[in-house]
Amino acid sequence: MDSTTKKVRPGGASVLDLDPKSTVGGGVEDAYGEDRATEDQLVTPWTISVASGYSLLRDPHHNKGLAFTLKERDAHYIRGLLPPVVMSQELQEKKLLHNIRQYQLPLQKYTAMMDLAERNERLFYKLLIDNVEELLPVVYTPTVGEACQKYGSIFQRPQGLYISLKEKGKILEVLKNWPERSIQVIVVTDGERILGLGDLGCQGMGIPVGKLALYTALGGVRPSSCLPITIDVGTNNEKLLNDEFYIGLKQRRATGKEYADLLEEFMSAVKQNYGEKVLIQFEDFANHNAFDLLAKYSTTHLVFNDDIQGTAAVVLAGLVGALKLLGGTLGDHKFLFLGAGEAGTGIAELIALEMSKQTKAPVEETRKNIWLVDSKGLIVSSRKDSLQHFKKPWAHEHPPATTLLDAVKAIKPTVLIGTSGVGSTFTKEVVEAMVEFNEVSLPLSLSLSLSLHKPLILALSNPTSQSECTAEEAYKWTQGRAIYASGSPFDPVEYNGKVHVPGQANNAYIFPGLGLGLVISGAIRVHDDMLLAASEGLAGQVTKENCEKGLIYPPFSNIRKISAHIAANVAAKAYELGLASRLPRPENLLKYAESCMYTPNYRTYR
């Protein structure tokens, strides 16, 4: 990692010297007056040419709809192009929320929100930020899954960049077609493993669009600096190949050298066009590509895989939060995973790293507290020769167990984590076995520390239909004892007169704050210690009141504050590791992070 920071470019400049205009936002000029630090400044609604009159009302960056004052309407030639009323942003927000609530179907609400983003960007983010708990499931999981499945049918306006095999040799030119130049965060997918829905090809674009909306709303990364990209190498989904409305390449997926060469050209073009400090987030790539891409580019680019690393960080934070209810340390617990793909192995490795950090034991030793089950059963040493490389560290000495129930009975875990992508796999028998073990077989030292008859059950697969068990099932089958969190949201559950509020182990807790921390520090690489710092930042926001309600995550209503703390933690670690290029380091990283966060309030135009 250290050697990466010392690489010298052809011109003799170190990557640490590559610092454009040093302003808020980690070195990129705030062209649109988007950050909190520039909120009170007068701005002019133009970039290259003057935006005025009819064109101003069609520019989502600057359009305020009926909120334009009479003075602004005169100054920018829009008097008469709007009805005479001047309406505040708050009243506009109230009206739109009322309209969205009238829709019966989540997909209708999703489409209405996307239409708003195309008309009036600030109002879209204002609505989302102020009503995040209600609208997060609309713009992201679970509704985004249905949106991706039907993306060809609901496609109206292009969002983001589509780079297909037809663009091979021209990717740099395609990147230059994007109107914004100061890009800080790219979310890219090839659509092969969208949520738990499989290969959706080009229609996976809904995921990068949704993720970047959350980068802005939850993490305060400017919308103008976000770029969603879909790489279209074909699809193996027969239904899409035979769909006349499918918007992608109608061919089987490219693999091997053809695939690798396209990704290599893409990664090189991104760095050439946007520089060393642009964050590239890999999203919903299939296992066989995800691990290879992360390993290949993590030493040469600022890259992050949300499915491997983001999921791991948010789950680790939940586990640390759960210790306030369960007692003991991470090392006192035994973990069993159903699912040994990107999410499962990524979470397992970060837990092992954190245990190693706490106990000073080698990570090879701490891995022995963590067991994984895949489609063929418990991963044990006798299967090592047939395992994929990313599963081999988890092949411990133990007799085989072919079912999850057998594995639970054999391993006796205190924590059960589902990352299988298959719904209803935490059966009544499995959950009841967890309760039975947690009642009678815990080490005395651990069971005395707190009431530890509480199995921790994390059913993380998305969307809701793929959850390993529902919140209601978890509480019912454990007689209300379970500490439960899921990947998609579930409503509170009443059991025996007590209301249980399920947690949501949503990556949206982590990646927006992580991204902001990388941007404001001008980080050039992502290090594992930054992920641990992000987890610690999130876990530190779990209050005593949250714990008393059985919550292992703080409420989403505080997400902007949470993201600022995570960003400050991540930035501090970047400076500590020598991976930050924004120098000198700000004295108060939390205040600096807050000052760099995008705010959606309307600006006053000259």
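So, how was this worked out
- Residues numbered from 1 in each chain as written.
- Predicted model: local features only at pLDDT ≥ 70, side-chain atom pairs only at ≥ 80, totals over all residues.
- Heavy atoms only, no water.
- Buried < 20%, exposed > 50% of the residue type's maximum accessible area, 1.4 Å probe, protein only.
- Helix = DSSP H or I, 4+ residues; strand = E, 2+ residues; numbered from the N terminus.
- Pairing = 2+ DSSP bridges.
- Axes fitted to C-alpha atoms, helices over the stretch in contact; angles between N-to-C directions.
- Contact = heavy atoms within 4.5 Å.
- Phe/Tyr/Trp six-rings, centres within 6.5 Å; stacked < 30°, edge-to-face > 60°.
- 1 Å grid on protein atoms, 1.4 Å probe; cavity = no way out; pocket = protein on both sides within 12 Å on 5 of 7 lines; lining within 4 Å.
- Points joined across faces, edges and corners; volume = space filled by probe spheres on them.
- Nonpolar A, V, L, I, M, F, W, Y, C, P; charged D, E, K, R; others polar.
- Domains from an automatic or database assignment.
- Buried area = accessible area lost by both parts, 1.4 Å probe.
- Salt bridge = Lys/Arg side-chain N within 4 Å of Asp/Glu carboxyl O.
- Polar contact = N/O pair within 3.5 Å; in protein donor to acceptor, adjacent residues only side chain to side chain.
- UniProt positions renumbered as here; feature names shortened; annotations may be inferred.

1. Some remarks on the pairing of strand E2 (residues 185–189)
Of all the five residues making up E2, five are buried; the element is thus mostly covered by neighbouring parts of the structure. Because side chains alternate across E2, one face comprises the buried residues Val 185, Val 187 and Thr 189, and the other comprises Ile 186 and Val 188, equally buried. Here E2 runs beside strand E3 (residues 226–232); their pairing, made up of five bridges, is parallel. By the bridge assignment, Val 187 is partnered in E3 with Pro 228.

2. Quick look at the sheet that holds E3
Pairing within the open sheet is parallel, and its five strands lie in the order E1-E3-E2-E4-E5. Every interior strand has two partners, whereas the edge strands, strand E1 (161–164) and strand E5 (303–305), have only one. Geometrically, the sheet is characterised by an average inter-axis angle of 25° between neighbouring strands, direction not taken into account. As judged from the four bridges shared by E1 and E3, these two strands associate in the parallel manner. Bridged to Ser 164 within E3 is Asp 232. Packed on one face of the sheet, helix H11 (residues 206–219) meets E2, E3, strand E4 (279–282) and E5 and runs near 165° to E3. Helix H13 (residues 256–274) rests against E1, E2, E3, E4 and E5 of the sheet, and its axis sits at about 160° to E3.

3. Re the packing of aromatic side chains
Each aromatic ring pair is summarised here by two numbers: the centre-to-centre distance and the angle between the ring planes. Evaluated as defined, the whole model comprises 10 aromatic pairs. Taking the centre distance of 5.2 Å and the plane angle of 15° together, the rings of Tyr 509 and Tyr 553 count as stacked. Placement of Tyr 509 in the loop between strand E14 (503–504) and helix H22 (511–521) and of Tyr 553 in the loop between helix H24 (544–548) and helix H25 (559–576) is noted, with a sequence separation of 44 residues between them. Here Tyr 553 falls in the buried class, since its relative accessible area comes to 2%.

4. Points about the layout of surface pockets
Put simply, the second largest pocket is a space of about 780 Å³. What lines the second largest pocket is a set of 40 residues, among which Arg 193, Ala 343, Thr 419, Ser 420 and Gly 421 lie closest to the centre. Listing elements by their share of the lining of the second largest pocket, those giving two or more residues are helix H15 (306–326), helix H16 (342–359) and strand E7 (370–374). Looking at the lining of the second largest pocket residue by residue, the classes come out as 11 nonpolar, 21 polar and eight charged. Built from parts of two domains, the lining of the second largest pocket gets at least three residues from each of domain 2 (142–305) and domain 3 (310–440 + 451–505).

5. A word on empty space enclosed by the protein
Per the stated rule, a full pass over the model turns up four cavities of 30 Å³ or more. Put simply, the largest cavity is a space of about 170 Å³. Taken together, Tyr 110, Thr 111, Met 114, Asp 115, Glu 118, Tyr 151, Ile 154, Phe 155, Gln 156, Arg 157 and Gln 159 make up the lining of the largest cavity. Within the residue set of the lining of the largest cavity, elements represented by two or more residues are helix H5 (106–119) and helix H9 (151–154). Element by element, the count of residues in the lining of the largest cavity is highest for H5, at five residues. The class makeup of the residues in the lining of the largest cavity is five nonpolar, three polar and three charged. For the lining of the largest cavity, the domains that each give at least three residues are domain 1 (53–129) and domain 2 (142–305).

6. Description of the domain arrangement of the protein
The extent of an interface is frequently quoted as the accessible surface area lost upon association of the parts. With domains assigned, the protein is organised as domain 1 (53–129), domain 2 (142–305), domain 3 (310–440 + 451–505) and domain 4 (527–596). Computed from C-alpha atoms alone, the centre-to-centre distance between domain 3 and domain 4 is 25 Å. Summing both partners gives a buried area of about 1,600 Å² for domain 3 against domain 4, and 68% of it is carried by carbon and sulfur. When residues of domain 3 are sorted by the area they lose upon contact with domain 4, Ala 317, Lys 324 and Leu 325 head the list and together hold 26% of the total. Across the contact surface, domain 3 and domain 4 share one salt bridge. Between Lys 357 and Glu 536 there is a salt bridge, with its nearest N and O atoms 2.8 Å apart. Between the two partners, domain 3 and domain 4, sit six residue pairs in polar contact (both at pLDDT 80 or more). Breaking the side of domain 3 that touches domain 4 down by element, the ones donating at least two residues are H15, H16, strand E10 (456–459) and strand E11 (483–486).

7. Thoughts on the UniProt feature "domain: Malic enzyme N-terminal" (unreviewed entry) in the protein
Under the feature "domain: Malic enzyme N-terminal" (unreviewed entry), the UniProt entry names residues 117–298. The span residues 117–298 carries 47% helix and 11% strand; its end-to-end C-alpha distance comes to 33 Å.

8. Things to note about the sheet that holds E7
Hydrogen bonding along the main chain pairs the strands of a sheet, whether they run parallel or antiparallel. Within the open sheet, the seven strands sit side by side as E8-E7-E6-E9-E10-E11-E14. Their pairing is mixed. Lying at the two open borders of the sheet, with one neighbouring strand each, are strand E8 (377–378) and E14. Taken together, the four bridges between strand E6 (residues 335–338) and strand E9 (residues 415–418) define a ladder with parallel strand orientation. Within the sheet, the bridge partner assigned to Phe 335 lies in E9 and is Val 415.

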